[in-house]
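Working through the structure, step by step
These are the residues of each chain, in order.
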Amino acid sequence: MPKLMSPDFDAVVIGAGVTGIYQTYLLDQNGMSVLGVDAAEDVGGTWYWNRYPGCRLDTESYAYGYFALKGIIPEWTWSEHFAGQAEMLRYVNAATDKMDIRRLYRFGTKVISAHYQDENNVWTITLDDGSELTCRHLISATGPLSASNMPQYAGLDRFQGEAFHSSSWPRDDQGRAKEIDFTGKRVGVIGTGATGVQIIPIAAETAEELFVFQRTPNWCTPLGNSAISDEDMTLIRTRFPTILEYVKTTPTAFPYHRDRRKASEVSEQDRTAFFEGLYDKPGYGIWLSGFRDLLLSKESNQYIADFVAGKIRQRVHDPDVAEKLIPTDHPFGAKRVPMETDYYESYNRPNVHLVDIKAEPIEEFVEAGPRIGDRVYDLDVIIFATGFDGVTGSLDRIDIRGHAGEKLIDAWADGPSTYLGLQTRGFPNFFALVGPHNGSAFCNVGICGALQAEWVTQMLLYMRASGLTYSQPTAAAEKQWTDAVYADFARTLMADTNAWWIKVTHKPDGTVVRRTLVYVGGGPEYRKRCEEVAYNGYEGFEFA
Ligand code: NA7
């Protein structure tokens, strides 16, 4: 039985992104001593780090808003239906000012390790400035897409041009993203996920030559962004409470419900008309409002895949290039669908060249650029839009050790095991917000992260009121939750597609283990489950 010891803080929150700052605020408001830590120099998380040209929301600005609760949304004027990075960062900053939580943060500081001390029932946190502190509860809000994936190409250090990951865009002396003028430059982009698809059309406009190094094409559909007029903004404001309630009813907390029909229940003509309507509408409708069996039935999926492939063939003039841009390895929507603006038209420009690095991989970098076979691509700038070590990557990079020194990275070696995606047995008082298996990594983070922050706050208040200082899930509750998460995911067409939400482990005996990092039960079901657990006295948790 763990003993009581007075730690330096009731809680340490790792991360100053949209979820972390809200968690810090809630704990402070409820009289707990809390320290927030973030490697960045300020708040913003994703919106702080990702400053590449073209970076913007791929979901409606006004649906990304739990800050409504803090009075931010009613005052905020969105300039575009899908806000750009700078506006998003201003928005998070405004929310931070309103919540007055900067004073609780240590910025520019990384958490190196977090070790649970069995004998004192506290976590010892080591920071990269060498300092150590203790806390009762450790709460990570490190983001599902914050640990960048930078390929280690041989010879990269020899490259004489500029090379950087999209989330580490070069900064000026004041820390602002440098505007890189691509004019007259030979530019390379590696990666064609959501990030590459946002950068490519912009670089294409001015670069002398743009080489897109594509390993796997994605199914991309039009974003349809536009400015919000003053009149529209007035209407959005009046509708805001409804929008917020509505998104809470949808599986992903984005403003989209699936169509109730199966694809096979609709005539070919009506199906095509339905797809045309979705393709022309701004945003994610084509993915999230499609037929209800889109991600369950191969036949249903093939209809939409054929439709989008047809659009790519129409939009890209060179038939060979068009074919290379059409995915053949994964169903439509089995990866997050990049929302594009003139992406396919970029390939009609004479200065844009698609290089298929699945057919012929980059072998190494030399001084001038990447070498493929006999050809060296002579480049001034190369942007690695190569994505992230998703969901658990940011936690894997911290030395987290629980009961008896067990490492979290070992406990999750074959895939995460959690209860409600929030706690793991053997790691007492540790909560992972927007972590694996809790719905929010596959959800509108603003909404789902807030739900978790509120839920964790309630649990800590319950513990305080009950004189409890120790919590962890029971083995049975954790197993039941984890088995259900894996079983639900296995039923979908996403199960066989590698995306950032799948952890792939190559075992020494040659077997490959593929595990989902996300919960696909949907927001309403997740919320219901969390509420049931709390209502039943936090059933499934052990307290002391
Ligand atoms: P993504 O969607 O994971 O895309 C990463 C891209 O980088 C993808 O095309 C990868 O190809 C490619 N990649 C990754 N590693 C390599 C190497 N070593 N060589 C060549 N190409 C590589 O990340 P994004 O940043 O674009 O988007 C992340 C999320 O941000 C997105 O889902 C939205 O939610 C917002 P692959 O497919 O692995 O063959």
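Owing to the predicted nature of the structure, the values given are computational and were not obtained by experimental measurement.

Thresholds, definitions, all that
Residues numbered from 1 in each chain as written. Predicted model: local features only at pLDDT ≥ 70, side-chain atom pairs only at ≥ 80, totals over all residues. Near = placed C-beta within 6 Å. Helix = DSSP H or I, 4+ residues; strand = E, 2+ residues; numbered from the N terminus. Nonpolar A, V, L, I, M, F, W, Y, C, P; charged D, E, K, R; others polar. pLDDT = per-residue confidence, 0-100. Buried ≥ 20, exposed ≤ 12 C-beta atoms within 10 Å, placed from the backbone. Pairing = 2+ DSSP bridges. Domains from an automatic or database assignment. Contact = placed C-beta atoms within 7 Å.

**Details of the site of the ligand**
The ligand sits among 18 residues. The nearest are Pro-151, Gly-191, Gly-193, Thr-216 and Gly-387. Ranked by residue count, the leading element in the shell around the ligand is helix α4 (residues 194-206), at 3 residues. When the residues that make up the shell around the ligand are grouped by side-chain class, the tally is 7 nonpolar, 9 polar and 2 charged.

**As for the confidence of the model for the protein**
On average, residues of the protein score 94 in pLDDT, and 97% of them reach the 70 mark or higher. Across the interfaces of the predicted complex, the ipTM metric reaches 0.98, alongside a pTM of 0.96.

**Concerning the pairing of strand β16 (residues 381-384)**
Burial along β16 is two-sided: the residues Val-381 and Ile-383 and Ile-382 and Phe-384 are all buried. Looking at chain direction, strand β7 (residues 162-165) and β16 are connected through 4 bridges and run parallel. Looking at β16, one finds that Phe-164 is bridged to Ile-383. Summarising the sheet, strand β8 (residues 186-190) and β16 pair through 4 bridges and their orientation is parallel. Bridge pairing in β16 places Val-189 opposite Ile-383.

**Section: the domain arrangement of the protein**
Its domain assignment divides the protein into domain 1 (9-147 + 390-543) and domain 2 (221-336). Computed over C-alpha atoms, the centres of domain 1 and domain 2 are 28 Å apart. The interface is formed by 29 residues belonging to domain 1 together with 32 residues belonging to domain 2. Split by residue class, the side of domain 1 that touches domain 2 holds 15 nonpolar, 10 polar and 4 charged.

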